[in-house]
Each structure stands twice: as C-alpha cells, then as structure tokens.
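# Summary of the model geometry
Single-letter residue listing:
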Amino acid sequence: MKRMLYHPIPEFTGKICGVDFSDGVGVCDSDFLAGVLCAKGFALAPDEPVFTELSTAEPVREPPVLPDTSELEEMPIDDLVKLAHELDVPLSGIRRGDKSGVIERLLAGGS
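Fair warning: this is a prediction, and the values are worked out from it, not measured in the lab.

### Focus: the overall build of the chain
Tallying secondary structure elements over the chain gives four helices and five strands in all. Its helices and strands taken in sequence order, the chain reads β-β-β-β-α-β-α-α-α from the N to the C terminus. Taking all 111 residues of the chain together, the buried fraction comes to 26%. Residue pairs in contact within the chain that sit at least 24 positions apart in sequence constitute 36% of those at least 6 positions apart. Here the chain displays about 8,000 Å² of accessible surface, and carbon together with sulfur accounts for 55% of that area.

This is the structure in structure tokens:
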C-alpha cells in the first residue's frame, strides 16, 4: 500500500531508504519502511495508520458445533451441506438433495 510520508525538514528534496522526497513529501510502497521512517521522525499523511498488523496468520476460529437432531431437521439442505464441509464430513454416496442422508451422515460423524 502506498503511503505519503513527510520529511522532518519540509524543504528536503532527495532520496532516503529508496524513497524519493520532493519538498519534504515522498511516497513509500512498504508499510514496514514507512513504520521505520516514522520511528525516525518522519510523519504519515493524516488519517493513515502508523503501522499495520505484520501477521498474515488466519484468525483462530472456533470449530463448528453439531446441533442436535431437531435443529438439523429444521435446517435447509444447503446449510446442512455447508456444515458437513466445515466438519470435514464426507458426503460421497449420498444423493443430491437427500436431506435425511446428509443428517444421518452428520450424526454418524462421517462414518
């Protein structure tokens, strides 16, 4: 993401860490580099975050919980299939649209 940086000396024109500045203003392509320069006294354009989350890890999600039988029977077939995929329950051998077959497989835990 491009970030507009302001040099501590407003009249500065030149290159610092690969960022070209003209009259104290430069554009940086690296969030990391922008953070480093901000730590050294440079400033970001207003309304821009000073740093971003460096972690690219997926957020931890709670595993889906299998509802009881009466709730399963009330669910539409599309939601049952989605739940089976989330629980890694294979649906091979079940005819398309066979709601009772999907419910049986979910209750059996995929076996």
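### Focus on a negative patch on the surface
Judged by side-chain charge, Asp68, Glu71, Glu73 and Glu74 come together as a negatively charged surface patch. With respect to the helices, strands and loops of the structure, Glu73 is situated in helix H2 (residues 69–74).

### Focus: helix H1 (residues 31–39)
The periodicity of an α-helix, 3.6 residues per turn, causes residues three or four positions apart to be oriented the same way. Of the positions making up H1, those classed as buried are Leu33, Ala34, Leu37 and Cys38. Summarising the axial view, the buried residues of H1 lie within an arc of 140 degrees, below the 170-degree limit, and thus occupy one face. More than 90 degrees from the buried face of H1, the exposed residues found are Phe32 and Ala39. Buried-residue contacts for H1 involve strand E1 (3–6), strand E2 (14–16), strand E3 (19–22), strand E4 (25–28) and strand E5 (43–44). Looking at where H1 begins, the residue whose side-chain oxygen comes 3.3 Å from the main-chain nitrogen of Phe32 is Ser30. Backbone geometry just after H1 places Gly41 at a positive phi near 115 degrees.

### Considerations on the pattern of salt bridges
Oppositely charged side chains can form a pair if their charged atoms are brought close together. This model, assessed by the stated rule, comprises two salt bridges. With a closest N to O distance of 3.0 Å, Arg3 and Asp31 form a salt bridge. In this pair, Arg3 sits in strand E1 while Asp31 sits in helix H1, placing the two residues 28 residues apart along the sequence. Look at Arg3 and you get buried, because its relative accessible area is 3%. Taking the relative accessible area as the measure of exposure, Asp31 reaches 26% and is therefore partly exposed. The salt bridge involving Asp20 is made with Lys15; its shortest N-O contact spans 4.0 Å.

### A short note on the packing of aromatic side chains
Tallied over the full model, the rule gives two aromatic pairs. Taking 6.1 Å as the distance between ring centres and 65 degrees as the angle between the ring planes, the aromatic pair formed by Phe12 and Phe21 counts as edge-to-face. Taking relative accessible area as the criterion, Phe21 reaches 3% and is therefore assigned buried. Judged by centre distance (5.5 Å) and plane angle (40 degrees), the rings of Phe21 and Phe42 are tilted. Here Phe21 is found in strand E3, whereas its partner Phe42 is found in the loop between H1 and E5, with 21 residues between them in sequence. Each member of the aromatic cluster is reached from another via a ring pair, and the members are Phe12, Phe21 and Phe42.

Rules behind the numbers
- Residues numbered from 1 in each chain as written.
- Predicted model: local features only at pLDDT ≥ 70, side-chain atom pairs only at ≥ 80, totals over all residues.
- Heavy atoms only, no water.
- Helix = DSSP H or I, 4+ residues; strand = E, 2+ residues; numbered from the N terminus.
- Buried < 20%, exposed > 50% of the residue type's maximum accessible area, 1.4 Å probe, protein only.
- Contact = heavy atoms within 4.5 Å.
- Areas by Shrake-Rupley, 256 points an atom, 1.4 Å probe, with all protein chains shown as cover.
- Patch = residues over 30% accessible without salt bridge, like charges linked within 9 Å, V, L, I, M, F, W, Y side chains within 5 Å.
- Salt bridge = Lys/Arg side-chain N within 4 Å of Asp/Glu carboxyl O.
- Lys, Arg positive; Asp, Glu negative; His and termini not counted.
- Charge placed at Lys NZ, Arg CZ, Asp CG, Glu CD.
- Arc of directions from axis to C-beta.
- Polar contact = N/O pair within 3.5 Å; in protein donor to acceptor, adjacent residues only side chain to side chain.
- Phe/Tyr/Trp six-rings, centres within 6.5 Å; stacked < 30°, edge-to-face > 60°.

Remember, this is a structural readout, not a statement about activity or role.
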